[in-house]
Each structure stands twice: as C-alpha cells, then as structure tokens.
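Chain by chain, the residues run as shown.
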Amino acid sequence: ELIRRVRAGERVEHHETVRVRKDGTLVDVSLTVSPICDREGNVVGVATIARDISVRLRYQEQLRFLAEHDWLTGTGNRRHFEREVSDQIGRARRYGEQAALLFIDVDGLKQINDAHGHKAGDRALQEIAGVVSDRLRDTDVLARIGGDEFAVLLPHADEAQARAISKDLRHITSAADIDLDDGTTLPLPASVGFALIDRDTDSDEILAQADEAMYQNKLAAPPIGQDTNPPPNPTG
C-alpha cells in the first residue's frame, strides 16, 4: 500500500509501524516515505526515514494508564468504570446481554486510618484489591470508585452467579488481613451488594441500586457462611 501511494507521487508521513533491528528485536517507528523523481517527474525510487518512537509510545501508554486507573491499588478508577458500565448497558439493550454490578465497601477503614495511620489504611485497600482481583475472571472489571469502595462489573452473569460471587468475596475479604508495625494483624471484612444489568437497566440508577444492596448487606452483617444479601430489583 505504501509503495502504491508513493508510486502515485504521494509523500507518506507519520506512518506508525513496527520494524526489526539487526539483532532481531522489534522497534516502534514512524515512517516518512517520499518518492524520488527524475527530471521528467517519473518516480524512480523511494526515500524512507524511520524515527524510533518507542519512548513516546511508552509515555503515552503510561498517561493512558494513569488516566484510567487508581494510583494506589492499580485497579480502574471511577471514570473508567462508569464508561465500562455504560458500554455494558448498551450491549444489554441491543443484544440482551445480562451482567451484574457489585459494590464492595471495606468495613471500618476510617477506624483503621484513625487508629493506625493512613499507611495502614492504604495497605488495607491494596490487600482488598489484590484478593478480590484474584477471585475474578479476566473479563471482569474491578475499580476503586471511592475512598473505601470498590465496584466490579461481571459480564455475562445472572443473579445466581452474582449472588455466589458476592458470597465468595465476603469470605475472601473476611479472611484477609494486614500486618501492623507492632506485630499484630488486622482483619479486613467487607460488605458486598449487587444489582443486575438487563435490557431495562437505567444507567443513572444502577450504581445507586448496587450501593443500596451493599448498604443493606452491611446492616444485616450475617455470620460468614450465611448469605442474606437481599435480591436485587429484577428490572435493574
């Protein structure tokens, strides 16, 4: 394609592609390809300049990551998560693709910060993010959407699956802990609630529905092993 365009007399600029160095390693480059013409204007050759853009691309990728991820936990941030939810609602309306939205609240994070300092609170959030991420599928989306709140988008999940994963996450977070500077450990229980995404889901209400389900779970505070998470609104 590049040769065809240059043969037609066109100068191609800023064509980004990948080339191979003499040692076999790959390098990202930006190509400028220009026709070489004789006195009559006939294209008799091609001049190519390749500029290494690896550093620029890495910098751009870092900026994209920072724009979409939480700096502390490495999970997605609220803006990224809301975009994923919006896309999922669109698929639900067009194709009937069902999904679930989970809200997770780290119980007692304020008390951890007050009693043990914000470094301990940060470690608590990182630990919760790690154990929750390990339980999820590659296609699930985990994000920190507030100071002590996480949210999970579960594509292709029905009510039974959402309920089972919510219960698993309660078990997992209740078994998680962090080591304090005085040699003691601190448990990290969390409350979990969910709402379903289907054709009738209101994009402005789904986050609030999952948040309310999480709050009801926090109030119920059932013993580990029981699941009294209230069923979500079947239309949302």
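Residues numbered from 1 in each chain as written. Predicted model: local features only at pLDDT ≥ 70, side-chain atom pairs only at ≥ 80, totals over all residues. Heavy atoms only, no water.

Regarding the side chain of His 80
For His 80, the position within the fold is in helix H3 (residues 78-95). In this structure His 80 touches Glu 68 and Val 141, once residues within four positions along its chain are discounted. (Helix = DSSP H or I, 4+ residues; strand = E, 2+ residues; numbered from the N terminus. Contact = heavy atoms within 4.5 Å.)

As for helix H5 (residues 118-135)
Its 18 residues give H5 an end-to-end C-alpha distance of 26 Å, which sits within 8% of 26 Å, the value for a rise of 1.5 Å per residue. The set of residues buried in H5 consists of Ala 120, Gly 121, Ala 124, Leu 125, Ile 128, Ala 129, Val 131 and Val 132. Lining the buried residues of H5 we find strand E4 (99-106), helix H4 (109-116), strand E5 (141-144), strand E6 (149-155), helix H6 (159-175) and strand E7 (177-179). (Expected span 1.5 Å × (residues − 1). Buried < 20%, exposed > 50% of the residue type's maximum accessible area, 1.4 Å probe, protein only.)

Structural notes on the nonpolar core
Ranked by internal contacts, the top residues of the largest apolar core, which has 32 residues, are Leu 102, Ile 104, Val 132, Phe 150, Val 152 and Leu 154. If you look at the next biggest cluster of nonpolar residues, it comprises 18 residues, including Phe 81, Ile 145, Ala 151 and Ala 210. (Core = buried A, V, L, I, M, F, W, Y, C linked by side-chain atoms within 4.5 Å.)

Section: the pairing of E6
Counting buried residues along E6, seven of its seven residues qualify, which places the element largely inside the surrounding structure. Summarising the sheet, E4 and E6 pair through seven bridges and their orientation is antiparallel. Along E6, the bridge assignment pairs Ile 104 with Phe 150. In this structure, E5 lies alongside E6, joined through four bridges in antiparallel fashion. Opposite Arg 144, over in E6, you have Phe 150 as the bridge partner. Here E5 hands over to E6 after four residues, the two strands then running antiparallel side by side. (Pairing = 2+ DSSP bridges.)

A look at the sheet that holds strand E2 (residues 26-37)
By definition, the strands of a sheet pair up through backbone hydrogen bonds, in either a parallel or an antiparallel sense. Strand order in the open sheet formed by three strands is E1-E2-E3, with antiparallel pairing between adjacent strands. A single partner strand is all that each edge strand has here, and the edge strands are strand E1 (12-20) and strand E3 (43-52). When the angles between neighbouring strand axes are averaged without regard to direction, this sheet yields 35°. Across seven bridges, the pairing between E1 and E2 is antiparallel. Residue pairing across strands places Thr 17 opposite Val 29, the latter belonging to E2. Packed on one face of the sheet, helix H2 (residues 54-68) meets E1, E2 and E3 and runs near 125° to E2. (Axes fitted to C-alpha atoms, helices over the stretch in contact; angles between N-to-C directions.)

Describing the confidence of the model for the chain
For the chain, per-residue confidence averages 89 on the pLDDT scale, and 93% of positions sit at 70 or higher. A low-confidence stretch, residues 223-236 (pLDDT under 50), is modelled with 37 contacts involving residues beyond four sequence positions or located in other chains. (pLDDT = per-residue confidence, 0-100.)

Some remarks on unusual backbone geometry
Positive phi values are uncommon outside glycine, yet His 14 reaches one of about 55°. By the element assignment, His 14 lies in strand E1. Even without being glycine, His 156 reaches a positive phi, approximately 55°. Residue placement: His 156 occurs in the loop between E6 and H6. Taking the relative accessible area as the measure of exposure, His 156 reaches 54% and is therefore exposed.

Quick word on helix H7 (residues 206-220)
Residues that lie three or four places apart on an α-helix share one face, since the helix turns once every 3.6 residues. The terminal C-alpha atoms of H7, which comprises 15 residues, lie 21 Å apart, in line with the 21 Å expected from a rise of 1.5 Å per residue. Along H7, the residues classified as buried are Ile 206, Leu 207, Ala 210, Ala 213, Met 214 and Asn 217. Viewed end-on, H7 has its buried residues packed into an arc of 130°, placing them on one side of the element. Looking at the buried residues of H7, the elements they touch are H3, E4, E6, H6 and strand E9 (190-197). (Arc of directions from axis to C-beta.)

Remarks on the sheet that holds E5
Strand order in the open sheet formed by four strands is E5-E6-E4-E9, and the pairing between neighbours is antiparallel. Two strands in the sheet have a free side with no partner beyond their single neighbour: E5 and E9. Looking at each pair of strands side by side, their axes are set apart by 20° on average, direction ignored. Lying over the sheet, H3 contacts E4, E5, E6 and E9, oriented at roughly 30° with respect to E6. In this fold H6 packs onto E4, E6 and E9, with an angle of close to 165° to the strand it touches most, E9.

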